[in-house]
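A structural walkthrough
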Amino acid sequence: MVRYRVRGGNALRGTAFIQGAKNAVLPMIGAALLAAKGRTVLRNVPIIEDVRRAVELAEAIGAKVELHEAERTLVIDASTLSSPVLPARIARRFRGSVLFVPALLHRLGEAVIEGVGGCNLGSRNLDFHYLGYKRLGAAVVEEDTVIRVKTSGFTGAKLYLDTPSHTGTENLIMAAVLGRGTTVIENAALEPEVLDVIDMLTRMGAKISGGGTGFITVEGVEELAAVEHTVMPDRLDAGVFAMAAAVTGGEVNLVGAELDHLGVVRYKLEQMGVEFASHGAVLHVRRDRPLRPINVITDTYPGFATDLQSPIMTVACLADGASYIHERIFDGRFALASELNKMGANIEVTENRAVVHGPTPLKGTQVTAHDLRSGIALVLAGLIAEGETVIESGYLIDRGHSYLAERMQALGADVVQEISPS
Ligand SMILES: CC(=O)N[C@H]1[C@@H](OP(=O)(O)OP(=O)(O)OC[C@H]2O[C@@H](n3ccc(=O)[nH]c3=O)[C@H](O)[C@@H]2O)O[C@H](CO)[C@@H](O)[C@@H]1O
Ligand SMILES: C=C(OP(=O)(O)O)C(=O)O
């Protein structure tokens, strides 16, 4: 059992190093498995639980993987891929497991999906993935809780997504890259992580155009080579550290953070009174005035990232007036509200809308992280609460944020990770 203990009251000051992006490295591990020869080297890998699960899953299907934690480097040899089964005991622990399917289909002609994990945010369908595989020439059979996908080779087709799914776009691109002929994907996701994955696949030899336009064309190629690639910075980690400075009235330098990747999140924080200044690869963030309330509507990139909706709910608890939050991506992403209310917040939730009545002083208590981002949002609440906040399960936070306690402590925060036998 992992828990975080946070004692509030310190304004954060100093330098934080932004980790590599979870939502880029996971599809990149899936992409590395497409290379039948050679060794892929991924740099700037975040040392998070999801990466550890991805390593276990890659090993379970026969790849040889080395995770060099101190060097934040993964070395992947996928030439030995041998099993099409994505075992439930690993795959159900993280969402990124779904990104291994295209490589299994190309390399072994079959993928057996015993389950897919990820944050519990309401319905998280995969129909766009399966419909896409079918249009490209696969058979998809559902047997109880197991889904079997089989193909004797993909042929290019015209695909569309009802909404621009992040992993859906990545998976259909990875399905098309080694297919015969041309595939067009309409209404594709625009997230920076998707573009970084396209960049890596392109260097592997894939022919992909239109990334970032919503309309992607893929010309199939015969084979892909193993390459070295540096994972982009994690915009969600950067957003969280910016909000940690915001809630505590602090001033931090975020090394490696890209202001452009924050999209609308940047403008919403500025409206609240947070200041940003880019100095090359260092993003300076500070807040030295009362926070103003805000309206947030989550959307796909460059809209307000749903993964930062929970953290900004904590920031809104400090704002002088009522903030409105409309969650449009997931139908069950407000479990945080009742946890913040236990700490003294005043948040009303009606379906997918929340009103945060600020400012309310927060008091430390025992709270539950229902998912990764509600967990980190409770850490932010702990930073400004009176007394001690204890957050369980810390594992969910560790799924997506590396060395959290150490990086917070370097800024002067009192955050401790505690591991005890469960
Ligand atoms: C590993 C990873 O990259 N995770 C991210 C990814 O998740 P993920 O890729 O799972 O999220 P999607 O973009 O696919 O899902 C967004 C919405 O589309 C719906 N949908 C999606 C696919 C599908 O086939 N059918 C369907 O209806 C989902 O139910 C959900 O309501 O994007 C999310 C939205 O930015 C982020 O919160 C996650 O951090
Ligand atoms: C929803 C998230 O992740 P996943 O898709 O991996 O569950 C997240 O990172 O907030």
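Scoring rules and cut-offs
- Residues numbered from 1 in each chain as written.
- Chains lettered and ligands numbered in written order.
- Predicted model: local features only at pLDDT ≥ 70, side-chain atom pairs only at ≥ 80, totals over all residues.
- Heavy atoms only, no water.
- Domains from an automatic or database assignment.
- Contact = heavy atoms within 4.5 Å.
- Buried area = accessible area lost by both parts, 1.4 Å probe.
- Salt bridge = Lys/Arg side-chain N within 4 Å of Asp/Glu carboxyl O.
- Polar contact = N/O pair within 3.5 Å; in protein donor to acceptor, adjacent residues only side chain to side chain.
- Helix = DSSP H or I, 4+ residues; strand = E, 2+ residues; numbered from the N terminus.
- 1 Å grid on protein atoms, 1.4 Å probe; cavity = no way out; pocket = protein on both sides within 12 Å on 5 of 7 lines; lining within 4 Å.
- Points joined across faces, edges and corners; volume = space filled by probe spheres on them.
- Buried < 20%, exposed > 50% of the residue type's maximum accessible area, 1.4 Å probe, protein only.
- Arc of directions from axis to C-beta.
- Pairing = 2+ DSSP bridges.
- Right-handed = clockwise from strand over helix to strand, strands pointing away.
- Near = heavy atom within 4 Å.
- Sits in = over half its atoms within 2 Å of the grid points.
- Nonpolar A, V, L, I, M, F, W, Y, C, P; charged D, E, K, R; others polar.

1. Brief notes about the domain arrangement of the chain
Per the domain assignment, the segments of the chain are domain 1 (2-19 + 233-419) and domain 2 (22-230). Of the residues lining the interface, 22 residues belong to domain 1; the matching set on domain 2 comes to 25 residues. Carbon and sulfur atoms supply 51% of the area buried between domain 1 and domain 2, which totals about 2,100 Å² over both sides. Taken as a group, Y301, Y395 and R399 account for 32% of the area that domain 1 buries against domain 2, more than any other trio of residues on that side. Where domain 1 meets domain 2, there are two salt bridges. Among the salt bridges present, the one from R235 reaches E193, with a minimum N-O distance of 2.7 Å. At the boundary of domain 1 with domain 2, the tally comes to eight residue pairs in polar contact (both at pLDDT 80 or more). Of all elements in the fold, only helix 8 (235-248), helix 12 (372-384) and helix 13 (394-398) reach the threshold of two or more residues within the side of domain 1 that touches domain 2.

2. Considerations on the layout of surface pockets
Space left empty within the atom packing is revealed by a probe, the size of a water molecule, rolled over the atoms. The computed volume of the largest pocket comes to approximately 1,000 Å³. Taken together, 40 residues line the largest pocket, and the ones lying closest to its centre are R124, S165, H166, I329 and F330. Elements with a minimum of two residues in the lining of the largest pocket: helix 1 (22-32), helix 5 (127-135), helix 6 (166-177), helix 8 and helix 12. The leading source of residues in the lining of the largest pocket is helix 1, at four residues. Mapping the lining of the largest pocket onto the domain boundaries places at least three of its residues in each of domain 1 (2-19 + 233-419) and domain 2 (22-230).

3. Thoughts on helix 9 (residues 264-272)
Inspection of helix 9 places V265, R266, K268, L269 and M272 among the buried residues, and these make up the whole buried set. Taken around the axis of helix 9, the buried residues stretch over an arc of 165 degrees, which confines them to a single face. The inward-facing, buried residues of helix 9 abut helix 8, strand 16 (275-279), strand 18 (295-297) and helix 10 (309-316). Positive phi appears at G273, one or two residues downstream of helix 9, with a value of about 115 degrees.

4. So, the pairing of strand 11 (residues 182-186)
Pairing analysis gives three bridges linking strand 10 (residues 158-160) to strand 11, with the strands arranged parallel. Counterpart to L159 in the pairing with strand 11 is I185. With helix 6 bridging strand 10 and the parallel strand 11, this β-α-β connection has right-handed handedness.

5. Structural notes on the pattern of salt bridges
Summed over all chains, the structure comprises 26 salt bridges. Between E228 and R43 there is a salt bridge, and its shortest N-O distance comes to 2.8 Å. Linking E228 in strand 14 (residues 228-230) with R43 in strand 3 (residues 39-43), this pair joins segments that are 185 residues apart in sequence. Exposure remark for R43: the relative accessible area of 35% places this residue in the partly exposed category. D307 is the partner of R333 in a salt bridge, and the nearest nitrogen-oxygen pair spans 2.7 Å. Remark: D307 occurs in the loop between strand 18 and helix 10 and R333 occurs in the loop between strand 19 (321-326) and helix 11 (335-342); sequence separation between them is 26 residues. Each member of the pair R333 and D307 is classed as buried. What you see here is one network of salt bridges that share partners, running through R3, R5, R7, E388, E392 and E418.

6. Here's the deal with the site of ligand 2
Every residue lining ligand 2 is accounted for by K22, D50, R95, G118, C119, L121, R124, D307, R333, L372, R373 and R399. K22 is positioned such that a nitrogen or oxygen atom in its side chain is 2.7 Å from an oxygen atom of ligand 2. A molecule is said to occupy a pocket when more than half its atoms come within 2 Å of that pocket's grid points, and by this definition ligand 2 occupies the largest pocket. Residue composition of the shell around ligand 2, grouped by class: three nonpolar, one polar and eight charged. Viewed by domain, the shell around ligand 2 spans two of them, domain 1 (2-19 + 233-419) and domain 2 (22-230), each represented by three or more residues.

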